[in-house]
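Reading the structure
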Amino acid sequence: NNELNTLNGITEFKIDQKIDNNSVKRNVIIHAPEETIVNKNYPIVFFFHGNGGSAENGFILEDLVNNHQFIGVYPQGYRKSWNLGQEQSNADDVEFTDMIINELSKYSNLDINRKFAIGFSNGSAMVNELGIKRSYLKGIAPLASQLLESQIPNNSTNPLSVYQISGSKDDVIPFEGGLSVVGHRFMSAHKSVKSWAIAFNCNIIADINTINSDTLFSYKNCENDHQIIFRKSENGNHDLNGNHKMKYEKIWEYFKTIN
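Residues numbered from 1 in each chain as written. Predicted model: local features only at pLDDT ≥ 70, side-chain atom pairs only at ≥ 80, totals over all residues. Heavy atoms only, no water.

**Things to note about helix H2 (residues 93–104)**
Taking 1.5 Å per residue, 12 residues should reach 16 Å; H2 reaches 16 Å between its end C-alpha atoms and fits that length. Within H2, burial applies to Asp93, Val94, Phe96, Thr97, Ile100, Ile101, Glu103 and Leu104. For H2, the side-chain oxygen to backbone nitrogen distance between the N-cap and Val94 is 3.2 Å, and the N-cap itself is Asp92. (Helix = DSSP H or I, 4+ residues; strand = E, 2+ residues; numbered from the N terminus. Expected span 1.5 Å × (residues − 1). Buried < 20%, exposed > 50% of the residue type's maximum accessible area, 1.4 Å probe, protein only. Polar contact = N/O pair within 3.5 Å; in protein donor to acceptor, adjacent residues only side chain to side chain.)

This is how it looks when you write it as structure tokens:
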């Protein structure tokens, strides 16, 4: 009976994962409108919190969820972080995401072919990792972080759309690249987006526009009609000068045009 498997409101579940030879129960929040529209299959948007954050940080998307745009999936990082090699956690977070997606297949009102991921800071490195290592995301939005020097998309990477936002005065993730206080080495913000654009055979010269006081670089005509967008938060700090809800609205406007 499919009725049993329709998502409404907030659902929490635990995933058992082996970390350092221990079985750990990891929390995931699924956030749907209180009453979903009958027979509507909702796109899925993952939200990966920053280092020290929690799954509940995903509720910043609540206006979009309540507006029936998508169903949000907010995983909890082990030890409040995502493991890219320098963190407190030894968890395999790519495997963890695979396990979550497996769980999502049990629900009837999800459009399982339209999955997107937004990440902030450490969570941003996580969505970049998923974009490179997996083919199930249509689009990612890495905020306040660029690709690590070790994260290199290439022409065997499954094409997807990318909306990267970096602050030109970020004091945590260096805009010009190099070693960060978090222990990782990052590409520069521009090299990061260009790496995606080259991998997916996009126009290598970006169209440049302004949005509020930010500069928008768009790399168009990528494979499978994807697009790589880089929003440079002019004088933006690591918090990208706030106003996140509006940024997420813009990201969603962009994601929902992706086939």
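What follows continues from the structure just given.
**Regarding the pattern of salt bridges**
Enumeration according to the criterion identifies 10 salt bridges in this entry. Among the salt bridges present, the one from Lys232 reaches Glu234, with a minimum N-O distance of 3.6 Å. (Salt bridge = Lys/Arg side-chain N within 4 Å of Asp/Glu carboxyl O.)

**Quick word on the pairing of strand S10 (residues 207–211)**
Pairing analysis gives 5 bridges linking S10 to strand S11 (residues 214–219), with the strands arranged antiparallel. Considered in S11, the bridge of Asp207 is made with Ser218. As consecutive antiparallel partners, S10 and S11 are separated by 2 residues, and within that stretch Asn212 has a phi angle of approximately 55°, a positive value. (Pairing = 2+ DSSP bridges.)

**Concerning the environment of Lys115**
The residue Lys115 is located in strand S5 (residues 110–120) in this model. The sequence separation of Lys115 and Ile101 amounts to 14 residues, and the corresponding C-alpha distance is 9.6 Å. Dropping the residues within four chain positions of it, Lys115 is found in contact with Ile44, Phe46, Ile101, Tyr136, Leu137, Lys138 and Gly139. Polar contacts involving the side chain of Lys115 include one to the main-chain carbonyl oxygen of Ile112, which spans 2.5 Å. (Contact = heavy atoms within 4.5 Å.)

**Brief notes about helix H4 (residues 189–199)**
Residues of H4 that are buried: Ala189, Ser192, Val193, Ser195, Trp196, Ala197 and Ala199. Against the buried residues of H4 lie helix H3 (122–133), strand S6 (139–143), strand S7 (161–167), S11 and strand S12 (228–233). Two residues or fewer after H4 comes Asn201, characterised by a positive phi angle close to 55°.

**Here we look at the sheet that holds strand S1 (residues 10–19)**
Pairing in this open sheet of 10 strands is mixed, and the strands run S1-S2-S4-S3-S5-S6-S7-S12-S11-S10 from one edge to the other. Both outer strands of the open sheet, S1 and S10, are each paired with one neighbouring strand and no more. Between one strand axis and the next, the sheet turns through 20° on average, direction left out of account. Sitting on the sheet, H2 touches S1, strand S2 (22–31), strand S3 (42–48), strand S4 (71–75) and S5, and the angle it makes with S1 is about 140°. Its contacts with the sheet place H4 against S6, S7, S11 and S12, and it is angled at close to 170° to S12. (Axes fitted to C-alpha atoms, helices over the stretch in contact; angles between N-to-C directions.)

**A word on a nonpolar patch on the surface**
Together, Ile198, Ile204 and Ile205 give the surface a local cluster of nonpolar side chains, amounting to about 310 Å² of exposed area. As for its position among the elements, Ile205 is in the loop between H4 and S10. (Patch = residues over 30% accessible without salt bridge, like charges linked within 9 Å, V, L, I, M, F, W, Y side chains within 5 Å. Areas by Shrake-Rupley, 256 points an atom, 1.4 Å probe, with all protein chains shown as cover.)

**Observations regarding the state of the cysteines**
By the definition in use, this model includes 1 disulfide. Between Cys202 and Cys222 runs a disulfide, and the two sulfur atoms are separated by 2.1 Å. Since a negative S-S torsion denotes a left-handed disulfide, the Cys202-Cys222 link at about 110° is right-handed. Residue Cys202 is found in the loop between H4 and S10, and its partner Cys222 is found in the loop between S11 and S12; the two are separated by 20 residues along the sequence. You can call Cys202 buried: its relative accessible area is 9%. (Disulfide = S-S within 2.5 Å.)

**Some words on the packing of aromatic side chains**
One pass over the full model with this rule turns up 12 aromatic pairs. Consider the rings of Phe59 and Tyr74, whose centres lie 5.4 Å apart with planes at 80°: the pair is edge-to-face. Here Phe59, found in the loop between S3 and helix H1 (62–66), pairs with Tyr74, found in strand S4; they are 15 residues apart in sequence, far enough to count as distant. Tyr74 sits in the buried class, given a relative accessible area of 0%. Looking at Arg26, its charged tip hangs above the ring of Phe96, at a distance of 3.6 Å from the centre. (Phe/Tyr/Trp six-rings, centres within 6.5 Å; stacked < 30°, edge-to-face > 60°. Lys NZ or Arg CZ within 6 Å of the ring centre and 35° of its normal.)

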